[in-house]
Amino acid sequence: MAEDKDKGRKLRPKERRTYSDLDIDEDDIEGRRTFNLDEKLTSTRYSKSYVKELTSSEITLKYFQENGFSTPIFIKEKTGLGMRIPSENFAVSDVKAGVGSRRVLDVMDVNTQKAMEMTMKEWAKYYENPQKDRLLNVISLEFSHTKLDNYVEQPAVVRQIDWVDNVWPQHLKNCQTESTNIIQRMKYPKVQKYCLMSVRGCYTDFHIDMSGTSVWYHILRGAKIFWLIPPTDQNLELYENWTLSGKQ
């Protein structure tokens, strides 16, 4: 539990279903890693054959019309994608300036995978402090209609196939002026621009993105490892059983 000393406002972790210790093996708790990450990354057991590597000139609207979008796509060079991103020296303090220091963030405690809330001011203080007593992760800061919005533009092909841009009634999207993530105040699905901020060692547990959405990622600084699992019937059954077991 964190406290904003300026306002005396206490921030409490969100409630989440818990499980009896009888359902959890000792090695499965407290986020302990029981394997060597480098060995996993170099193992021949994991195939990359279902990830397509394309160039910026190959990934076009015509490509999706002819091939659909059933496999992940990787593009090494961003030149030619028609996207806009901040420079590499863009810092968490710049994010705070862009969305406001009072913006409330959903923050994930990595070791427990439980959510809590912090203000952007509190998050920036945590992030910039070299002495960290826990690993925290921000994965859901949607920043449309903030100053940060001007620094980012999706790749051209993403804008061409985005349902929010092409299907949602335009007059409703034009009515949206608030940067809020409160669903009652949203005039359209405000899920187009997210800023993820993680410190070294952070991870997100296995999951399926909300509503089966497709996403584009660009890593501005640092590195991120993706473990991608094809959604076969067998894998989905394994995922469901794992989710219900309480051993996440």
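Residues numbered from 1 in each chain as written. Predicted model: local features only at pLDDT ≥ 70, side-chain atom pairs only at ≥ 80, totals over all residues. Heavy atoms only, no water.

1. Digging into the overall build of the chain
What the chain contains, in helices and strands, is 8 helices and 8 strands. Expressed as a percentage of the 248 residues in the chain, the buried residues total 23%. Within the chain, contacts between residues separated by at least 24 positions form 65% of all contacts whose residues are at least 6 apart in sequence. Looking at the chain as shown, the accessible area adds up to about 17,700 Å², and 50% of this sits on carbon and sulfur atoms. (Helix = DSSP H or I, 4+ residues; strand = E, 2+ residues; numbered from the N terminus. Buried < 20%, exposed > 50% of the residue type's maximum accessible area, 1.4 Å probe, protein only. Contact = heavy atoms within 4.5 Å. Areas by Shrake-Rupley, 256 points an atom, 1.4 Å probe, with all protein chains shown as cover.)

2. Notes on the environment of V107
Secondary-structure assignment places V107 in strand β5 (residues 104-109). In this view, V107 contacts K114, A115, M116, M118, W123, L136, N137 and V138; residues no more than four positions away in its chain are not counted.

3. Brief notes about the pattern of salt bridges
Summed over the entire model, instances satisfying the criterion amount to 7 salt bridges. For the salt bridge of E142 with K190, the shortest nitrogen-to-oxygen distance reads 2.8 Å. You can see E142 sitting in strand β7 (residues 136-142) and its partner K190 sitting in the loop between α7 (170-175) and β8 (194-198), a full 48 residues away along the chain. Within this structure, R84, E153 and R159 form a network of salt bridges that share partners. (Salt bridge = Lys/Arg side-chain N within 4 Å of Asp/Glu carboxyl O.)

4. A few points about the confidence of the model for the chain
Counting all residues, the mean pLDDT for the chain is 84, and 86% of those residues have values of 70 or more. The low-confidence segment residues 1-29, where pLDDT is below 50, has 44 contacts with residues more than four positions distant or belonging to other chains. (pLDDT = per-residue confidence, 0-100.)

5. Considerations on the sheet that holds β7
Judged by pairing direction, the sheet is antiparallel, and its 4 strands sit side by side in the order β6-β5-β7-β8 without closing on themselves. Both edges of this open sheet fall to β6 (114-119) and β8, since each of them pairs with a single strand only. Shown here is a sheet whose adjacent strand axes are inclined to one another by a mean of 25 degrees, direction ignored. Both β5 and β7 contribute to a ladder of 3 bridges, which runs antiparallel. Counted as the bridge partner of V107 is V138 from β7. Across the sheet, helix α4 (residues 120-128) lies against β5, β6, β7 and β8, angled at about 105 degrees from β6, the strand it touches most. (Pairing = 2+ DSSP bridges. Axes fitted to C-alpha atoms, helices over the stretch in contact; angles between N-to-C directions.)

6. A short note on the packing of helix α3 (residues 92-99) against α4
In the contact formed by α3 and α4, the axes pass within 10 Å of each other and the chain directions differ by 175 degrees. Judged on the interaxial angle alone, α4 and α3 are roughly antiparallel. Across from V92, S93, V95, K96 and V99 in α3, the residues of α4 making contact are M120, K121, W123, A124, Y127 and E128. For the contact of α3 with α4, a count of residues per class yields 7 nonpolar, 1 polar and 3 charged. (Parallel < 35°, antiparallel > 145°, perpendicular 65-115°, else oblique. Nonpolar A, V, L, I, M, F, W, Y, C, P; charged D, E, K, R; others polar.)

7. Notes on the side chain of D162
Take D162: it is sitting in the loop between α5 (156-161) and α6 (163-166). Of the side chains with opposite charge, K173 comes closest to the buried, unpaired D162, at an N-O distance of 6.4 Å. Apart from residues no more than four positions distant in its own chain, D162 is found in contact with Q154 and Q192. (Lys, Arg positive; Asp, Glu negative; His and termini not counted.)

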